[in-house]
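Fold and geometry: a report
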Amino acid sequence: MTSAREKLLAEAAKRILITDGAFGTEIQNWKLAEADYAGDLGLNHDQKGNNDILAITKPTVPETITRAYLDAGSDIVSTNTFSANSISQADYGAVEYVRQINVESGKIARRLADEYEAKDGRPRFVAGAIGPTNKTLSLSPDVNDPGYREIDFDYLKGVYREQADALVEGGADFILIETVFDTLNAKAGIMAAIEAGEALGRDLPIMLSMTLTDLSGRNLSGHTVEAFWHAVRHAKPVTIGLNCSFGAEQLRPHVKTLSEIADTLIMVYPNAGLPNELGAYDEMPETTAGLVGEWAQAGQVNILGGCCGSTPAHIKAITDGVRGLAPRKIVTPEVRTRLAGLEPMFMAA
């Protein structure tokens, strides 16, 4: 049977694939009340803003959003589980529901992906989304004690492992470790995903997506895109890329850099521009599509989508904008080095 990795690589060799857009800002548009989030779970904490728990209290919301992205052209849909881990859910007093949230979110995405694939025969994939949590392994939260850490590596790996296991149970094809602001956090997620795959006795492909915290192209733990790639390349991720951060305009040089060094698929899903004075995103779909389309025309990307502020309209515009454009060709660094060495010979000829 063809594995999810092989299936994705085969599709990505044919065309530029499309992932989905934002969940958080889309959920905000529903104007949900506390009762919508809390359901009948009887939790003692307020749940308003706990977007992930909607998978079990109001599943119509993530299902409707996912369906809209599939209608817009998404080949890959992610689970609404960015904060569905025991660290983040502790803030809502909902730790006991972590496994159920992830399983149910996976089932929603899997069911819809299979439904759309059955309609037209075009493969659809489910990425089990794992966010960074609000803890960091690389930096101290106490300026007076640089050596202090709130959690350690093994603890975070266990948090991620619980989530990865549940996402796979729900039907995820890949584990998407996204919005990586701390490379060491990502390594804990990588170890968790590898161990989850080993427990299953099969390959569990990993997707990795870094977020930049300054315009020089570094994340919070100080890694450039080059350093990040070399720090995680050993995990053989099926995709590497960037998400969130700034808008597509600001990401341009960093996408180019990553596309030139990575020997795997490049997936980029930026915010819909920079937020305005009110914190809202108002970059029009055609603008976002035009900017990411430049990467596609330059042969720098394999998968495109959107993050904060992006909507199904943004995904539809991106889908239409890159239709017919050739996907980036994966060239290993070794081959690239050999080609670079031959370049003077070609020039002389």
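Presented here is an overview of the structure given in this document. These figures come from a predicted structure and were not determined experimentally.

Cut-offs and rules
- Residues numbered from 1 in each chain as written.
- Predicted model: local features only at pLDDT ≥ 70, side-chain atom pairs only at ≥ 80, totals over all residues.
- Heavy atoms only, no water.
- Phe/Tyr/Trp six-rings, centres within 6.5 Å; stacked < 30°, edge-to-face > 60°.
- Helix = DSSP H or I, 4+ residues; strand = E, 2+ residues; numbered from the N terminus.
- Buried < 20%, exposed > 50% of the residue type's maximum accessible area, 1.4 Å probe, protein only.
- 1 Å grid on protein atoms, 1.4 Å probe; cavity = no way out; pocket = protein on both sides within 12 Å on 5 of 7 lines; lining within 4 Å.
- Points joined across faces, edges and corners; volume = space filled by probe spheres on them.
- Nonpolar A, V, L, I, M, F, W, Y, C, P; charged D, E, K, R; others polar.
- Axes fitted to C-alpha atoms, helices over the stretch in contact; angles between N-to-C directions.
- Parallel < 35°, antiparallel > 145°, perpendicular 65-115°, else oblique.
- Left-handed = near helix turned anticlockwise from the far one by under 90°.
- Contact = heavy atoms within 4.5 Å.

In this structure the tally under the stated criterion is two aromatic pairs. Measuring from ring centre to ring centre gives 6.3 Å for Phe23 and Tyr69, while their planes differ by 65°; the resulting arrangement is edge-to-face. Of this pair, Phe23 sits in the loop between β1 (17-18) and α2 (24-28) while Tyr69 sits in helix α5 (residues 60-72); the two residues are 46 residues apart in sequence, bridging distant segments of the chain. Relative accessible area serves as the criterion here: at 9%, Phe23 is assigned to the buried category. Here Tyr69 falls in the buried class, since its relative accessible area comes to 0%. On the numbers, 5.8 Å between centres and 35° between planes, the contact of Phe125 with Phe174 is tilted.

Glancing now at the layout of surface pockets. In this structure, the largest pocket encloses a volume near 560 Å³. Lining the largest pocket we find 32 residues, and of these Phe23, Gly24, Asn80, Phe82 and Glu178 sit closest to its centre. Those elements giving two or more residues to the lining of the largest pocket turn out to be α2, α6 (86-89), β4 (174-180) and β6 (239-247). If one sorts the elements of the lining of the largest pocket by residue count, α2 sits on top with four residues. Among the residues making up the lining of the largest pocket, the classes are represented as 11 nonpolar, 18 polar and three charged. Roughly 300 Å³ of internal volume is contained in the second largest pocket. Lining the second largest pocket we find 14 residues, and of these Met1, Thr2, Ser3, Ala4 and Asp173 sit closest to its centre.

For the rest of this paragraph, the subject is empty space enclosed by the protein. The tally for this structure, following the rule as stated, stands at one cavity of 30 Å³ or more. Of the pockets and cavities examined, the largest cavity occupies roughly 50 Å³. Around the largest cavity, the lining residues are Phe23, Ala55, Pro62, Thr66, Ser78, Thr79, Asn80, Ser105, Ile108 and Ala109. Within the residue set of the lining of the largest cavity, elements represented by two or more residues are α5 and α7 (98-120). Examining the composition of the lining of the largest cavity, we find that three residues originate from one element, α7, more than from any other. Here the lining of the largest cavity is built from residues that sort into five nonpolar, five polar and no charged.

A few words now on the packing of helix α12 (residues 285-297) against helix α13 (residues 312-322). Interhelical geometry of α12 versus α13 gives an angle of 40° and a closest axis separation of 8 Å. What the angle tells us is that α12 and α13 run oblique. Considering the relative orientation of α12 and α13, their crossing is right-handed. Along the contact surface, α12 presents Pro285, Glu286, Thr288, Ala289, Val292, Gly293 and Ala296, while α13 presents Ala313, His314, Ala317, Ile318 and Val322. Its residues placed into classes, the contact of α12 with α13 shows eight nonpolar, three polar and one charged.

Our next topic: the environment of Ala164. By the element assignment, Ala164 lies in helix α8 (residues 153-170). In this structure, the C-alpha to C-alpha distance between Ala164 and Tyr281, residues 117 residues apart in sequence, is 31 Å. Ignoring anything within four residues of it in the chain, the contact list for Ala164 reads Ile130, Ile175 and Ala196.

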